[in-house]
Amino acid sequence: MNISKSIKQFNTFGLDVVSNDFNIAKNEDEIINFLNKHSNNNPIVLGGGSNILFKKDIERPVLKIEIKGINVVKEDSAFVYISVGAGENWDNFVNWTLRKDYGGIENLSLIPGNVGSAPIQNIGAYGVELDSVFESCRAISLENKKVKIFHKIDCDFTYRSSIFKEKLKNKYIISRVVFKLTKKSHFLKTNYKPLKELIKIKNISNPTIQDISNLVKEIRSSKLPDPKIIGNCGSFFKNPIISKNKLEKISSIDKLIPFYKLSDEKFKIPAAWLIEKCGMKGRIEGQTGTHKEHALVIINLGAATGTEIYNFSQKIKKLVLKKFNILLEEEVNIID
Ligand code: EPU
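All of these numbers come straight from a predicted model, not from anything done at the bench.

**Details of the domain arrangement of the chain**
Structurally, the chain comprises domain 1 (5-65), domain 2 (70-182) and domain 3 (231-335). Averaged C-alpha coordinates put domain 2 and domain 3 at centres separated by 27 Å. On the side of domain 3, 5 residues touch domain 2, which itself brings 5 residues to the contact. Considering only the side of domain 2, the residues that lose the most area to domain 3 are Tyr159, Arg160 and Lys165, jointly responsible for 82% of the buried surface there. At the boundary of domain 2 and domain 3, one finds 1 salt bridge.

**Side note on the packing of helix 2 (residues 90-99) against helix 4 (residues 209-223)**
The N-to-C vectors of helix 2 and helix 4 enclose an angle of 150°; their axes lie 10 Å apart at closest approach. What the angle tells us is that helix 2 and helix 4 run roughly antiparallel. When the axes of helix 2 and helix 4 are compared, the crossing they make is left-handed. Across the interface between the two elements, Asp91, Asn95 and Leu98 from helix 2 touch Ile209, Gln210, Ser213 and Lys217 from helix 4. Here the residues of the contact of helix 2 with helix 4 sort into 2 nonpolar, 3 polar and 2 charged.

**Observations concerning the nonpolar core**
In terms of nonpolar packing, the biggest core is built from 41 residues, with Trp90, Phe93 and Phe179 touching the most fellow members. Going through the elements one at a time, strand 8 (79-85), helix 2, strand 11 (134-141), strand 13 (172-182), helix 3 (193-201) and helix 4 are the ones with two or more residues in this core. Setting aside residues up to four positions removed in sequence, Phe179 forms contacts with Val80, Tyr81, Ile82, Val84, Trp90, Phe93, Val115, Leu130, Val133 and Glu135. Residues Leu53, Ala272, Leu274 and Ile326 belong to the second largest nonpolar core, which totals 31 residues.

About the thresholds
Residues take numbers from 1 onward in each chain, read along the sequence in its written order. Under the rules for a predicted model, residues below a pLDDT of 70 receive no local features and side-chain atom pairs below 80 are neither given nor counted, while totals for whole chains, interfaces and linings still include all residues. The side-chain figures draw on all heavy atoms in the structure; neither hydrogens nor water molecules are used. The domain boundaries here were taken from an automatic or database domain assignment. Contacts are assigned to residue pairs with any non-hydrogen atoms lying within 4.5 Å of each other. In this description, buried area is defined as the sum, over both parts, of the accessible area (probe of 1.4 Å) that is lost when the two are combined. Criterion for a salt bridge: a side-chain nitrogen of Lys or Arg within 4 Å of a carboxyl oxygen of Asp or Glu. In this analysis, axes come from line fits to C-alpha atoms, helices being fitted only over the stretch in contact, and the angle between any two N-to-C directions falls in the range 0 to 180 degrees. What counts as a helix is a DSSP run of H or I of at least four residues, what counts as a strand is a run of E of at least two, and both are numbered from the N terminus. Roughly parallel here means an angle under 35 degrees, roughly antiparallel means over 145, roughly perpendicular means 65 to 115, and every remaining angle is called oblique. By convention, the crossing between two helices is left-handed when the near helix turns anticlockwise from the far helix through less than a right angle, and right-handed when the turn is clockwise. Just so you know the grouping, Ala, Val, Leu, Ile, Met, Phe, Trp, Tyr, Cys and Pro go in nonpolar, Asp, Glu, Lys and Arg go in charged, and all remaining residues, Gly too, go in polar. Nonpolar cores are built from buried Ala, Val, Leu, Ile, Met, Phe, Trp, Tyr and Cys residues. Side-chain atoms within 4.5 Å join them into one set. Only protein chains enter the accessibility calculation, which uses a 1.4 Å probe; a residue is then buried when its area is under 20% of its type maximum, exposed when over 50%, and partly exposed in between.

Below is the structure:
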């Protein structure tokens, strides 16, 4: 018998949508059992629900991954290898590593979501991306229901993407991830401008990984709304990568455009800046809008529907396209 369930508490937009076939997997066997029944029905895999927008009630079967466990599987004098269940909360895991003084993911503090989704979109913040600490993951094929190990080289990690979002989209379910973290001589990443500035302001001369985590938490909380209080999915769009030619064109209209040079020909620019320049920062329309501190974060004021949020996001996309001739790409997964 199918179980109907509101998944309001399982999506950080806080949308009150109903799943007509809701399932939970606490281990790999339960994923395989689920797939034996549902692999042909285009299932939706739910992690922390922090990067997903449901436009309406869900007919497709839903599998919520609740595989737990944080285990050291190998270590040498410099590195520790930790296997983590896909259903562990990401920030709880970061805090666990800080308590053990294992370094590498302190800059990724306070990112909502679960461990299993982290490699799919190669989560990143404040100068660090997940691929820098990713060793391998276990994933179950929807086709043959067998476990396959993916090493870093197999995953095609790029900015906010991986093979699991591209070539193998909806083909595997990640059950565990192995991270390689430092035990000592941590490589601190402090180049991200607001982080660097805060270290200076606070006069911290030899920051520890715990210090970095605290500073990142401070910066994040000052700009990004807490999804437990205001429904949101963090950045709604990716930061676009544009050509030198295009950057020069925009600079000739507004020379203050911020950019990050990727190569001589490619530049990443903040989608938030483009949206703000279209007059959409802090704009509220009905039950949705953009956050007043950050134009890239679309919020649910409480009673928005998925369609309302989606239509608002498409309005932003149109305005940016019209003004800058740049087509923003969603970072959030949209489920019709
Ligand atoms: N900016 C504006 N208006 C705003 C906000 C920002 O013009 O309302 C401009 C500023 O020039 C600022 C620049 O955008 O310097 C960059 O802003 P921010 O540092 O907040 O970073 P972001 O590019 O908007 C990315 C990630 C975030 C991550 C931060 C910090 C993407 C799509 N987003 O945001 O990730 O936390 O950098 O590293 O790459 C997420 O993926 O959900 C997420 C929150």
